[in-house]
Amino acid sequence: MLTLEDIHTYYGNLHALQGISLSVNEGEIVCLLGANGAGKTTTLMSICAINRVKKGKISYLGRDITKMATDRIVKTGISHVPEGRRIFRELTIHENLMMGAFTRKDKKGVQKDLKRMYDHFPVLYDRRQQYGGTLSGGEQQILAIARGLMLRPKLMLFDEPSLGLAPKIIAQVFDIIKEINQSGTAVLLVEQNANAALKLAHRGYVMESGKIVLEDSSYNLLHNEQVKKAYLGAE
Ligand code: ATP
């Protein structure tokens, strides 16, 4: 479904991605692990063309999207739930959700999906006229995910969805990602919480200093001594 081949991305002179190759197949949850600064966020931003790729190729559903603009990439059905939620604090929850459907023209479909979001996440319905900034961190994450779903995406990119959330809320967020995947959306998940991410994902990649250093099934990564030592702590 999504293939990155030998991707190189820079920030000025900093060679942040040094030949990243990875893939996500239909129906999969794939996680991307690695220490701070490894290049996980840059990988997601490169897929969405928020960061421009200098070398390499990104294909999605058989199309070369390497040089496509971000808004066109969004229209192809790739939704990005960014690190730190990035909800619109001064827009209402309703308006935040509608922003997720900004590129869609099927008004009836959008209304149907809005209802679906409110049915599924009652906390958003109850507070739909309040400003996004009034929500708690966990509620903001739910709003960011629901906003991403309003695109009716085929592929969702999640950047650190558990960051800064209480354990109970993290479990809820991971359940939501599982459900999204079970309803047919492929997922590329960047997570510091390696243990939880590997339990959810089918496959995973480990990044270090702008390179992929390991790729395997989640099961094998969970039992890999190197991964255990570096990312799974005592568990
Ligand atoms: P984290 O978990 O801390 O977000 P990460 O694996 O997502 O880490 P990136 O944020 O992709 O890593 O960063 C990769 C490298 O690029 C790091 O060396 C980082 O300092 C650098 N970098 C990231 N964003 C910028 C930027 N806007 N300008 C300059 N350098 C950047």
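Refer to the structure above for everything that follows.
A. Expanded view of the overall build of the chain. Scanning the chain for helices and strands turns up 10 helices and 10 strands. For 235 residues, the compact-globule estimate of 2.2 N^0.38 gives 18 Å, and the chain sits close to it at 17 Å. Expressed as lengths along the three principal axes of its C-alpha atoms, the size of the chain is roughly 45 × 40 × 30 Å. For the chain, buried positions account for 51% of its 235 residues. Residue pairs at least 24 apart in sequence account for 66% of intrachain contacts in the chain once pairs closer than 6 positions are excluded. A total of about 11500 Å² of accessible surface is found on the chain, and carbon and sulfur atoms cover 52% of it.

B. Spotlight on the sheet that holds strand 10 (residues 211-217). If you trace the 6 strands from one edge of the open sheet to the other, you get 6-7-8-3-9-10, paired in mixed fashion. Two strands bound the open sheet, and with one partner strand each, they are strand 6 (78-81) and strand 10. Looking at each pair of strands side by side, their axes are set apart by 15° on average, direction ignored. Helix-sheet contacts for helix 1 (residues 40-47) involve strand 3 (29-34), strand 6, strand 7 (155-159), strand 8 (186-190) and strand 9 (203-208), and the interaxial angle to strand 7 is about 150°.

C. Structural detail: the packing of helix 3 (residues 93-100) against helix 6 (residues 137-149). Interhelical geometry of helix 3 versus helix 6 gives an angle of 40° and a closest axis separation of 6 Å. For the element pair helix 3 and helix 6, the recorded crossing hand is right-handed. Packed against helix 3, whose contacting residues are Ile 93, Asn 96, Leu 97 and Gly 100, the element helix 6 presents Leu 143, Ala 146 and Arg 147 at the interface. Its residues assigned to classes, the contact of helix 3 with helix 6 shows 4 nonpolar, 2 polar and 1 charged.

D. Inspection of the packing of aromatic side chains at higher detail. Applying the stated rule across the entire model yields 1 aromatic pair. The cationic tip of Arg 128 hangs over the ring face of Tyr 125; the distance from NZ or CZ to the ring centre is 3.9 Å.

E. Representation of a positive patch on the surface. Among the surface-exposed residues, Arg 63, Arg 72, Lys 75 and Lys 105 lie close enough to one another that they form a single positively charged patch. As for its position among the elements, Arg 63 is in strand 5 (residues 63-64).

F. Up close: the side chain of Ser 162. Tracing the chain through its elements places Ser 162 in the loop between strand 7 and helix 7 (167-182). Residue classification places Ser 162 among the buried residues on the basis of a relative accessible area of 8%. Polar contacts involving the side chain of Ser 162 include one to the side chain of Glu 191, which spans 3.0 Å. Once residues lying within four places of it in the same chain are set aside, the contact partners of Ser 162 are Ile 170, Phe 174, Glu 191 and Asn 193.

Rules behind the numbers
- Going along each chain's sequence as written, the residues are numbered from 1 onward.
- For this predicted model, a pLDDT threshold of at least 70 governs which residues receive local features, and a threshold of 80 or more governs which side-chain atom pairs are given and counted, while totals over whole chains, interfaces and linings are taken from all residues.
- Note that the side-chain values use all heavy atoms of the structure and ignore hydrogens as well as water.
- Under the scheme used here, helices are H or I runs from DSSP no shorter than 4 residues and strands are E runs no shorter than 2 residues, and both carry numbers assigned from the N terminus.
- C-alpha atoms define the radius of gyration, and 2.2 Å times the number of residues to the power 0.38 defines the globule rule.
- Under the scheme applied here, a residue whose accessible area is under 20% of the maximum for its type counts as buried, over 50% as exposed, and between as partly exposed, the area being computed with a 1.4 Å probe on protein chains only.
- The contact criterion used is simple: two residues touch if any of their non-hydrogen atoms lie within 4.5 Å.
- The accessible surface values rely on the Shrake-Rupley method and a 1.4 Å probe; as for residues, cover is taken only from the protein chains in view.
- Two strands are said to pair when DSSP picks up at least two bridges between them.
- Lines fitted to C-alpha atoms define the axes here, with helix axes fitted over just the stretch in contact, and angles between the N-to-C directions of these axes take values from 0 to 180 degrees.
- Handedness of each helix crossing follows the sense of rotation of the near helix against the far helix: counterclockwise by less than a right angle gives left-handed, clockwise gives right-handed.
- Note that Gly is not counted as nonpolar here; it falls among the polar residues with everything else outside the nonpolar set of Ala, Val, Leu, Ile, Met, Phe, Trp, Tyr, Cys and Pro and the charged set of Asp, Glu, Lys and Arg.
- Planes of paired rings set the category: under 30 degrees apart is stacked, over 60 is edge-to-face and the rest tilted, where pairs are Phe, Tyr or Trp rings (Trp by its six-membered ring) whose centres lie within 6.5 Å.
- Geometrically, a lysine NZ or arginine CZ counts as sitting over a ring once it is within 6 Å of the ring centre and also within 35 degrees of the ring normal.
- Here, patches come from residues exposed beyond 30% relative accessible area and free of salt bridges, joined within 9 Å for like charges and within 5 Å for nonpolar side chains (Val, Leu, Ile, Met, Phe, Trp, Tyr).
- When a carboxyl oxygen of Asp or Glu is within 4 Å of a side-chain nitrogen of Lys or Arg, the pair counts as a salt bridge.
- We count Lys and Arg on the positive side and Asp and Glu on the negative side, and we leave His and both chain ends out.
- Every charge is mapped to an atom, namely NZ of Lys, CZ of Arg, CG of Asp or CD of Glu.
- Polar contact is defined as a pair of N or O atoms within 3.5 Å, subject to the rule that within protein one atom must be able to donate a hydrogen and the other to accept it, and that residues adjacent in sequence are counted only when both atoms are side-chain atoms.

So yeah, pure geometry; function would need other evidence.
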